[in-house]
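A structural walkthrough
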Amino acid sequence: MHLKAVDVTVRYAGRCALDAFALDLGLGEIVALIGPNGSGKSTALRALAGLTVPDKGDVVLDRRPVRAWKRRELARRLSFLPQAPLSPDGMSVEQLVRHGRFAHTGLLGGYSMRDREAVAWALESTDLADLSDRDLRALSGGERQRAWIAAALAQEADILLLDEPTSFLDIGHQVEVLELLCRLRRERQVTVVVAIHDLNQAMAIADRIVLLDKGQTLFSGAADGLADSGLIETTFAVNGAFERKPAGPIYFNAHIAT
Amino acid sequence: MKPEILGGAEKPASRSFIPLAALCPLLLLAAILLGVADLPVGEVVDVLLGGGSENAQLIIGTIRIPRILTGILAGIHFAVAGALLQTVTRNPLADPTVMGISQGATLAITVFLFFAVYGVNADANTLYALPVAWLPLVGALGGLVAGALIYGLAVSRGLSALRMTLCGIAIGALLHALAMGIIVGWGSARFEIIMQWLAGSLYARGWEHVVFLLPFTIAGLLVLPFLHRSLALLRFEEDVSRSFGLNYRLNFTLVLVVACGLAASAVGVVGPLIFVGLVVPHLAKVLAGRHFAAVLPLTALLGATLVMGADLAGRLLGGAEEIPIGVVTAFAGAPFLLFLLRRYR
């Protein structure tokens, strides 16, 4: 398993959405993409997922460019959850999660015992077993978000690309999702790239943090280095201080003028 | 969402199949028994058993039955095409006009009649025998060409459901304007046949029309089971369905081809009965609820039933001057569309 982005440049209507983006993912690594709105996080994830073909550079999985992979083969290796996907009408939680198994069943195959187990596991992991029969449109924003995460999990890919998976969740479920990512890494050696807004959550779970701004990669490395760089204050135009405790992750305390 | 709709969605789809499956043959029987020509029931039964007078045989065997069958097939075509297009464009208002099918067919038929009739005789006030036998083929080809044109345009702009719809609306409006321009500039006696075709009609549809439609019906319905899971996944946004592992473009295109084939052939034969393609899939979705697998079979059944029923009503209510079926389906469908508006609120 080796997903690697080399010099990936994406332009939208002349504007450079992503400039020479590079990322080399190790097995079971968690990488957090952070940056202001419109900094290129989503573009980077879409390029990694093979959904955006770069104008320059390439994303390579097992030495083969992702755009050359068959979507179904790729889907067994790599699962991507876009930001706030639309839920179709008249679909239950379980039906959605079952669609996550498409990469394994194909157009005509039935659902095997293995598929059912994966669906049950995904529902269980996202705390949705009790809601599995509910209509997607009848769920709260957070429940729906978790249903989509479950669908991505059911795919059982070893690379998970998530675009702001915690955005609609309350703090309890945010923590639950982040813990789930850590557990997936620990128990299944899943590699995770996650775009996330909460800097402290990013620093708590990620092995590596990539800071993007206007398509440029400003920083790529561990939370310690990010704290020392002073880039957070300049990029986000905030005042604040990093706090280091003897145990536990680094914490950024933003100063709010009142 | 309102709780009663949720309740409806959880009903097994089989419950709606049973009354429908019963209604369909009843309507079929009524459509054969009833008509402008007042044949006694006994005589109709005689004909069906292989006897009856020559006149009755003619009315039943060469007028009523092929007309009813044409209606059933056209109903299936429009309804299924509508359901497919609504699914892949993720637009609840999509119908065969989205792919420019009816506008392309209208233009082709207008141009064809223009050259076939006007080209031969420029006198606007004489009514010539119109080459009606060619209309289904010309209409179907016009519809398919329009569909291909719109598809090509959408592909060149990076094929997506929204681009497809926008290209369809733009090209469709252009084709429609061209056809209207020709009709208005041309005027006169030939107006009528085009207007009649535009209103959608099953008048004087015979076995040749059944034979024309049947290959499309069979091919379309045989392919559908294989497209079931693609369709289920095409309900998602492109990013999502591709991430789940679907070859989006290929499957999107396949479904479009099936939808265009069904719609164009039917438009050629009976004219743009577009309302069927718009309304029937919604009704089927309400009845099917969460059972996505039931949507297409229900759509086909409902489409056949609706067109058959509307044609029967048009034949009976209008007397000798029958009401065009397009008018009847619009009258029947409009209230239902208003009902749907409440549902989507």
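1. What about the overall build of chain A?
Assigned secondary structure in chain A consists of 10 helices and 12 strands. For 258 residues, the compact-globule estimate of 2.2 N^0.38 gives 18 Å, and chain A sits close to it at 18 Å. Each principal axis of the C-alpha distribution contributes one length, and for chain A these read about 55 × 40 × 35 Å. Intrachain contacts of chain A at a sequence separation of at least 6 include 64% that bridge at least 24 residues. By element, 50% of the accessible surface of chain A is carried by carbon and sulfur atoms, the whole surface being about 11300 Å². With 30 positive and 33 negative side-chain charges, chain A shows a spacing of 6 Å between the two charge centroids.

2. So, the packing of aromatic side chains
Residues and elements named next belong to chain B. Per the stated rule, a full pass over the model turns up 5 aromatic pairs over all chains. Between F212 and F216, the aromatic rings sit 6.0 Å apart at their centres with planes inclined by 45°, giving tilted as the arrangement. You can see F212 and its partner F216 sitting in helix 9 (residues 207-234), 4 residues apart, about one turn around the helix. Centroid distance F236 to F244: 5.4 Å. Interplanar angle 75°. Geometry classified as edge-to-face. Pair check on accessibility: F236 and F244 agree, each one buried.

3. Focus: the nonpolar core
Within the largest apolar cluster, 148 residues are counted, with the highest numbers of intra-cluster contacts made by A:I34, A:L160, A:I209, B:L84 and B:F252. In terms of residues, this core owes the most to one element, helix 4 (residues 54-89) of chain B, which gives 16 residues. Beyond its immediate sequence surroundings of up to four residues, A:I209 is in contact with A:A32, A:I34, A:A202, A:M203, A:F219, A:S220, A:G221, A:A223 and A:L226. Of all hydrophobic cores here, the second largest spans 29 residues; its members include A:L18, A:A49, A:L74 and A:L161.

4. Overview of the pattern of salt bridges
By the definition in use, this model includes 23 salt bridges over all chains. Note that B:D239 and A:R46 form a salt bridge whose closest N and O atoms lie 2.2 Å from each other. Taken as a pair, B:D239 in helix 10 (residues 238-243) and A:R46 in helix 1 (residues 41-48) lie in two separate chains rather than in one. Residue classification places B:D239 among the buried positions, given a relative accessible area of 19%.

5. Considering the environment of B:L202
Residues and elements named next belong to chain B. Looking at the element boundaries, L202 is found in the loop between helix 8 (191-199) and helix 9. In this structure the C-alpha to C-alpha distance between L202 and E54, which are 148 residues apart in sequence, comes to 23 Å. For L202, the contacting residues outside a window of four places in its chain are R67, T70, G71, V270, V307, D311 and I325.

6. Side note on the confidence of the model for chain B
When pLDDT is averaged along chain B, the result is 82; 88% of the residues meet or exceed 70. Confidence, read as mean pLDDT per element, is least for helix 1 (residues 3-10) of chain B in chain B (37) and greatest for helix 10 of chain B (94).

How each quantity is defined
- Residues numbered from 1 in each chain as written.
- Chains lettered and ligands numbered in written order.
- Predicted model: local features only at pLDDT ≥ 70, side-chain atom pairs only at ≥ 80, totals over all residues.
- Heavy atoms only, no water.
- Helix = DSSP H or I, 4+ residues; strand = E, 2+ residues; numbered from the N terminus.
- Rg over C-alpha atoms; globule rule 2.2 N^0.38 Å.
- Contact = heavy atoms within 4.5 Å.
- Areas by Shrake-Rupley, 256 points an atom, 1.4 Å probe, with all protein chains shown as cover.
- Lys, Arg positive; Asp, Glu negative; His and termini not counted.
- Charge placed at Lys NZ, Arg CZ, Asp CG, Glu CD.
- Phe/Tyr/Trp six-rings, centres within 6.5 Å; stacked < 30°, edge-to-face > 60°.
- Buried < 20%, exposed > 50% of the residue type's maximum accessible area, 1.4 Å probe, protein only.
- Core = buried A, V, L, I, M, F, W, Y, C linked by side-chain atoms within 4.5 Å.
- Salt bridge = Lys/Arg side-chain N within 4 Å of Asp/Glu carboxyl O.
- pLDDT = per-residue confidence, 0-100.

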